[in-house]
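Here is how the chains run, residue by residue.
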Amino acid sequence: MTSTSDDLATFIVVANRLPVDRVVNEDGSIDWTTSPGGLVTALEPVMQRKGGAWIGWHGAPDETVEPFHHEGYDIVPIPLSAQEVTEYYEGFSNASLWPLYHDCVVDPEFHREWWDSYRTVNTRFAEEVAKRAAKNATVWVQDYQLQLVPRMLREARPDLKIGFFLHIPFPPIELYQHIPWRGELVDGLLGADLIGFQTPGAAHNFARLAHHRDGVTGPDDSDDIATLSDGRVVKIKDFPISIDARGFHELASSPQVHQEAEEMRTELGNPSTIIFGVDRLDYTKGLRQRIRAIGELFDEGKLDQEDCVFLQLATPSRERVEEYKILRNDIDLLVGRINSASDTLARPRIAYRHTSVPRSTLAAMYQIADIMIVTPLRDGMNLVAKEYLACRDDDNSALILSEFAGAALELDEAYMINPYDIDGMKATIMKAINDSPQARAQKMRAMRQQVFAHTIDDWADSFLTELGE
Ligand code: ADP
Ligand code: F6P
């Protein structure tokens, strides 16, 4: 670990999470591990290319950690107390905003002390950025945990160029109005010069809300500019995020990953079809529906366990939040029930692991996946679908994708499913397995082209160019 320079930064990314989490082992030693989730996967290569500073929380409560230099940029950890982790992170961010922004797939809870904590922590982030940013620096604020930061920064440092990108969906106005502090959140975002969303629909939902704020004119359907009462303009646009496609491809093509993939396939008993799913263990990912559909296909004999395995990897996520605890138990039960219905000891129907794995192991899993299944009930983008395409050389494979993932707009050649329709999903899984090699290849080629033609560098460059203009 090397220390940071004393210079102020001309480019700053600020996100709730740092790319690495500080973990204290049982023997007291310290490790840094990769943080979970799409935001980190997407922004790491951007920071490695551009340099600058990444300001965020290091994942451990009640600990203050000094800034350090890491892979070409500075990391500036922001401390959170245990109470703030409960109220700001697990509470307002992940039990109020997260479910509400995902179509209320579970009920959001609102508590005034969670909101107070959200405001306090947003203030801390904004103050740290204001202290570290050079004159006229560009600051890129990320995601729903920090929606008040753009306005706070604008007030403290009007010289800065401020961009905001939301990695998750933005809900329709009818749902948004439930939030007791909706006005303050919208005004918080309007502190930015440019507000980016994953899809045109999300940008449109926000634009409708902004339009209702006092003194705001526009945007309308033909225009993505809101003009505030002081004459300042805010651009509102979609920028669909992507991945480092070449990086994933090179990793997946390496001899080590090929060997790991071979070993994995052997360990799974060399079945002719491997269906693969990988997600944070989150109720938005449609895991219950996916597992139920595949379980029924085994029960009905349409999938034969002598010949087919479903490999599901679930990353531990937000483990102290009630709905995540319930989900974990439900999935354990569901998988156990399906596997125990098997009449052979040789191989489970579902090989389920509740763990995070190194990226090379994940690439090996993509390599052995004949069928990739991605079933969110709602998802901002879903990078897993894009990673699968970037890691595949073999065209005789298939991506099953929920129509409710942002990625469905770009990857419209996928075998599309509605995760609420279990029978429809079962039929599509069977179609993806049984389609002709030509039909599968044509789809894979078209989608792979899309992923390689719109990479994470293109995403970052188009956002930052628009912000700079
Ligand atoms: P989200 O941001 O909601 O978690 P995404 O699909 O956009 O969803 O991104 C998830 C990211 O986390 C991907 O880059 C994926 O490779 C990574 N990931 C998910 N599960 C695991 C796991 N078990 N081990 C390692 N990486 C994982
Ligand atoms: O992309 C959505 C997102 O919530 C990110 O903001 C976050 O970093 C990631 O998923 C993982 O969630 P968490 O930081 O709560 O572990």
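Report on the accompanying structure.

The rules behind these values
- Going along each chain's sequence as written, the residues are numbered from 1 onward.
- Naming scheme: in the order in which they are written, chains are lettered from A and ligands are numbered from 1.
- Only residues with pLDDT of at least 70 are given local features in this predicted model, and only at 80 or more are side-chain atom pairs given and counted; all residues enter the totals for whole chains, interfaces and linings.
- Side-chain metrics rest on all non-hydrogen atoms present in the structure, leaving aside hydrogens and water.
- Being near a molecule or strand, for a residue, comes down to having at least one heavy atom within 4 Å of it.
- Pairs of N or O atoms are called polar contacts if they sit within 3.5 Å, as long as, within protein, a hydrogen donor faces a hydrogen acceptor (for residues adjacent in sequence, only side-chain-to-side-chain pairs).
- Each accessible area is a Shrake-Rupley estimate made with a 1.4 Å probe; only the visible protein chains count as cover when residues are assessed.
- Put simply, DSSP H or I for four residues or longer makes a helix, DSSP E for two residues or longer makes a strand, and each gets a number counted from the N terminus.
- Type-normalised accessible area, obtained with a 1.4 Å probe on protein chains alone, sets the label of each residue: buried when under 20%, exposed when over 50%, and partly exposed for intermediate values.
- By definition, two strands form a pair when at least two bridges between them are found by DSSP.
- Fitting a line to C-alpha atoms yields each axis, with helices limited to the stretch in contact; the angle taken between N-to-C directions then spans 0 to 180 degrees.
- The contact definition used throughout considers only heavy atoms, calling two residues in contact when any of these lie within 4.5 Å.

### Description of the site of ligand 1
In the vicinity of ligand 1 there are 17 residues, among which Gly-38, Thr-41, Arg-280, Thr-315 and Glu-387 approach most closely. Contacts to ligand 1 include Leu-383, whose backbone N or O atom sits 2.9 Å from an oxygen atom. In the environment of ligand 1, an oxygen atom lies 3.3 Å from a nitrogen or oxygen atom belonging to the backbone of Val-384. Contact with the protein chains removes 88% of the 570 Å² of surface that ligand 1 exposes when unbound.

### Considering the environment of Ile-241
Positionally, Ile-241 belongs in the loop between β11 (233–238) and α8 (245–253). A relative accessible area of 2% means that Ile-241 is categorised as buried.

### Quick look at the sheet that holds strand β10 (residues 225–227)
Backbone hydrogen bonds hold the strands of a sheet together, and the pairing may be parallel or antiparallel. The nine strands are arranged β5-β6-β4-β1-β7-β8-β9-β11-β10 in an open sheet whose pairing can be described as mixed. Edge positions in the open sheet fall to β5 (68–70) and β10, since each of these has one partner strand only. Each strand axis lies, on average, 25 degrees off the axis of its neighbour in the sheet, ignoring direction. With four bridges joining them, strand β9 (residues 194–197) and β11 adopt parallel strand pairing. By the bridge assignment, Phe-197 is partnered in β11 with Asp-238. Against the sheet, helix α3 (residues 112–132) makes contact with β1 (9–17), β4 (53–57), β6 (73–78) and β7 (133–142), and its axis sits at roughly 165 degrees relative to β1, the strand it touches most.

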